[in-house]
Amino acid sequence: MPELPEVETVRRGLLPKMQGRRLARVVARRPDLRFPLPYDFGQRLTGASVKDIRRRAKYLLFDLDTGETLMAHLGMSGSFRMADAPFPPEKHDHVIFTLDDGAEVHFNDPRRFGFMDLFSGDDGAHAVLKDLGPEPLGGDFDGPTLAMALKGRKTPIKAALLDQRVVAGLGNIYVSESLFRAGISPRRGAHTVQGGRAEKLAAAVKDVLRAAIKSGGSSLRDHIRPDGELGYFQHSFDVYGRAGEKCRDCDCGGAIQQIVQAGRSTFFCPHRQR
């Protein structure tokens, strides 16, 4: 599933194409994605102008001049394609946005695990957004904030970082990479990550996410940028998907190990990460 860097890459790709443009026509080619689309979905969007496109955690938020916000989640296989002129829809192009300059943006989702919704009010008005933790690249996420969120948590730190109430937008790939850079074992109890450890981990999270965004995300499975290009951060993974390979950052002579935590694969160096 696309994580924060992939969603941010999509946002940056769509922004210059859609910001300030009026949605001349919006067509939903089916009534549902993962969930049913809102009533009169296409009609409510047609004629609205896109004031801004934001990201909150793994969600894209299109602020409209009607006072409503269009929320989009990519799910497992969702992606946006765009062109300066109308282009033939593919089988799984479920929503088509035609802009007032003639450009088109298609939302494609073969597995239909993504969804779209419309809501009014601030972000806290929507059920999936109201309990999210701080944005990891925002100014309110730092070592002390992370330490406070982890205080008293007996779960492994890997599981705690995947809890969207602790920090928003992190997923399996970038948690593994962040823990490696911080030198923290994914098995360590979350409540023990305090003080300097929390500072180091918060900094590692920011560094990993910024590097991934700069590389356009990771083109694992279905992620494709709106311009059709692939992300390249997977070529820079320190641990993810590298089980059995030599650790790149220490002279331990050991190899990256893979374990399963809460049904998810975790990759780490047992010598570097404590």
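What comes next is a walk through the structure. Here the structure is a predicted model, which is why all the values come from computation and not from measurement. (Residues numbered from 1 in each chain as written. Predicted model: local features only at pLDDT ≥ 70, side-chain atom pairs only at ≥ 80, totals over all residues. Heavy atoms only, no water.)

### What to know about the overall build of the protein
- When you go through the protein residue by residue, the secondary structure sums to six helices and 10 strands.
- In terms of C-alpha radius of gyration, the protein reaches 20 Å, essentially the compact-globule figure of 19 Å for 274 residues.
- Taken along its principal axes, the extent of the C-alpha atoms in the protein is 60 × 35 × 30 Å.
- Residue burial in the protein is summarised as follows: out of 274 residues, 53% are buried.
- As displayed, the protein offers around 12,100 Å² of accessible surface, 48% of which is attributable to carbon and sulfur atoms.
- The protein carries 41 positive and 34 negative side-chain charges, and their two centres are separated by 7 Å. (Helix = DSSP H or I, 4+ residues; strand = E, 2+ residues; numbered from the N terminus. Rg over C-alpha atoms; globule rule 2.2 N^0.38 Å. Buried < 20%, exposed > 50% of the residue type's maximum accessible area, 1.4 Å probe, protein only. Areas by Shrake-Rupley, 256 points an atom, 1.4 Å probe, with all protein chains shown as cover. Lys, Arg positive; Asp, Glu negative; His and termini not counted. Charge placed at Lys NZ, Arg CZ, Asp CG, Glu CD.)

### Considering unusual backbone geometry
- One non-glycine residue, Asp40, lies in positive phi territory at about 55°.
- In this structure, Asp40 sits in the loop between β1 (23-28) and α2 (41-45).
- Classification of Asp40 by relative accessible area gives partly exposed; the value is 33%.
- In this model, Ala262 sits at a positive phi of 50°, which is unusual for a non-glycine residue.
- Note on placement: Ala262 falls in the loop between β9 (257-261) and β10 (264-268).
- Assessed through its relative accessible area of 79%, Ala262 is described here as exposed.

### Digging into the environment of Phe41
- Position of Phe41 among the secondary structure elements: in helix α2.
- The buried category is assigned to Phe41, whose relative accessible area is 3%.
- Measuring from C-alpha to C-alpha, the distance between Phe41 and Asp117 comes to 8.4 Å, with 76 residues separating the pair along the chain.
- With sequence-adjacent residues up to four places away left out, Phe41 is seen in contact with Ala28, Leu70, Val95, Met116 and Leu118. (Contact = heavy atoms within 4.5 Å.)

### Some details on the sheet that holds strand β5 (residues 79-83)
- Here four strands make up an open sheet; going across it, the order is β1-β6-β7-β5 and the pairing antiparallel. Strands with a single pairing partner mark the edges of an open sheet, and in this sheet they are β1 and β5. The mean angle between the axes of side-by-side strands here comes to 15°, regardless of whether they run parallel or antiparallel.
- As paired elements, β1 and strand β6 (residues 93-99) share five bridges and run antiparallel to each other. Bridging from a neighbouring strand, Leu23 pairs with Leu99 of β6.
- Against the sheet, helix α1 (residues 4-18) contacts β1, β5, β6 and β7 (104-108), and its axis sits at roughly 30° relative to β5. (Pairing = 2+ DSSP bridges. Axes fitted to C-alpha atoms, helices over the stretch in contact; angles between N-to-C directions.)

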